[in-house]
Amino acid sequence: MPSYRNGLETQKALYSSARRHFFRSGYAATSIKEIVDGAHSKLGLFTYYFESKESLALQIFYEMQRDLCAAISPLPQLLALHDDALALETANMRIWLRLLLQEPTVARFVSEVCATKSNFARQREKRYDFCCALYGQPETPQEADRMQLRATLMAGMLVEMCRSIPMQTIEGDPEDYLDDFFRDYYLHIPDEEHLECAIARAREAARGVRLRVDDNFHVSLA
């Protein structure tokens, strides 16, 4: 048992060290040696517990997204959108993207890790599931191919948005900027009136949501 317990403590120390270094210096500028030294550990233990620096960064990235979902999902204004999957999805994404617009340190980290192949594949799978829920399950191979293409394009747009946010110079109201992004993002939606209604509902629901991120990338309501 002691060795098992020590192993968990070592893994936790490496994970915490990576969070601190990624927050302070960014993903690209942080070396594995810095993570190991910050945890008072050894390189061999890092490679034992983590496949790579990239896989570790993606764990932190996904945990940050889970923190955000856990913080906002019980909010009454979000619960009120459960009658409209499009509005709910748009509200969740709006809150996430607005966080990146407002938090340069978080945006830097996200922009550096979100475009990895493994993350793109994950986002494409999530977009495919969402498209099936929104447009209906494809009934023919041709429809499935078109749905997969739509999901791939949506995943690419979302990744590119996250990558480019640190370099964005937004003129005017950032909320209008996000509205325009969603109009482009939902490709060829059959009911444009529904889309405009969903965007408006999502914008109103997200209006009062304020988040904070600590120096370990933990997200909570402000």
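Data block above holds the structure.
Residues numbered from 1 in each chain as written. Predicted model: local features only at pLDDT ≥ 70, side-chain atom pairs only at ≥ 80, totals over all residues. Heavy atoms only, no water.

Participant: Break down the environment of Asp191 for me, citing the residues and quoting the values.
Facilitator: Here Asp191 is to be found in the loop between helix 10 (174-185) and helix 11 (192-206). For Asp191, a relative accessible area of 41% gives the class partly exposed. A distance of 3.2 Å separates the side chain of Asp191 from the backbone nitrogen of Glu193, its partner in a polar contact. In terms of polar contacts, Asp191 uses its side chain to reach the backbone amide nitrogen of His194, at 3.0 Å. (Helix = DSSP H or I, 4+ residues; strand = E, 2+ residues; numbered from the N terminus. Buried < 20%, exposed > 50% of the residue type's maximum accessible area, 1.4 Å probe, protein only. Polar contact = N/O pair within 3.5 Å; in protein donor to acceptor, adjacent residues only side chain to side chain.)

Participant: Account for unusual backbone geometry, with residues named and values stated.
Facilitator: The residue His40 is not glycine, and still its phi comes out positive at about 55°. Residue placement: His40 occurs in the loop between helix 2 (32-38) and helix 3 (43-49). The exposed category is assigned to His40, whose relative accessible area is 77%. For Phe217, which is not a glycine, the phi torsion comes out positive at approximately 70°. Relative to the elements of secondary structure, Phe217 occurs in the loop between strand 1 (211-213) and strand 2 (219-221).

Participant: Any details on the packing of helix 4 (residues 53-72) against helix 6 (residues 85-102)? Residues and values, ideally.
Facilitator: Orientation of helix 4 relative to helix 6, taken along the N-to-C sense of each, is 125°, at an axis distance of 11 Å. Taken together, helix 4 and helix 6 sit at an angle that is classed as oblique. Seen from above, helix 4 lies across helix 6 with right-handed handedness. Contacts from Phe61, Met64, Gln65, Leu68 and Ile72 of helix 4 reach helix 6 at Asn92, Ile95, Trp96 and Leu99. (Axes fitted to C-alpha atoms, helices over the stretch in contact; angles between N-to-C directions. Parallel < 35°, antiparallel > 145°, perpendicular 65-115°, else oblique. Left-handed = near helix turned anticlockwise from the far one by under 90°. Contact = heavy atoms within 4.5 Å.)

Participant: Outline the packing of helix 4 against helix 7 (residues 104-113), listing residues and values.
Facilitator: Contact geometry for helix 4 and helix 7: axes closest at 10 Å, N-to-C directions at 125°. In terms of orientation, helix 4 and helix 7 fall into the oblique class. Here the hand of the crossing between helix 4 and helix 7 comes out left-handed. Every residue of helix 7 that contacts helix 4 at Ala57, Leu58, Ile60, Phe61 and Met64 is listed here: Val106, Phe109, Val110 and Val113. Partitioned by chemical class, the residues of the contact of helix 4 with helix 7 number nine nonpolar, no polar and no charged. (Nonpolar A, V, L, I, M, F, W, Y, C, P; charged D, E, K, R; others polar.)

Participant: Can you explain the nonpolar core? Please cite residues and give values.
Facilitator: Formed by 69 residues in total, the largest nonpolar core has its most connected members in Phe61, Trp96, Leu97, Phe109 and Val110. Among residues more than four places away in sequence, those in contact with Leu97 are Leu158, Met161, Cys162, Ile165, Leu178, Phe181 and Phe182. (Core = buried A, V, L, I, M, F, W, Y, C linked by side-chain atoms within 4.5 Å.)

Participant: Describe the pattern of salt bridges, with residues and values.
Facilitator: Under the counting rule described, the total for this entry stands at 15 salt bridges. For Glu175, the salt bridge identified is with Arg98, shortest N-O distance 3.4 Å. Of this pair, Glu175 sits in helix 10 while Arg98 sits in helix 6, placing them 77 residues apart in sequence. For the pair Glu175 and Arg98, a shared accessibility class is recorded, and that class is buried. Of the charged contacts in the structure, one is a salt bridge between Glu160 and Arg163, with a shortest N-O distance of 3.9 Å. Of the two residues, Glu160 and Arg163 are both situated in helix 9 (residues 141-164); the distance of three residues between them amounts to about one turn of the helix. Taking relative accessible area as the criterion, Arg163 reaches 41% and is therefore assigned partly exposed. Each of Arg94, Arg98, Asp173, Glu175, Asp176, Asp179 and Arg203 takes part in one network of salt bridges that share partners. (Salt bridge = Lys/Arg side-chain N within 4 Å of Asp/Glu carboxyl O.)

Read these as spatial facts, not as claims about activity.
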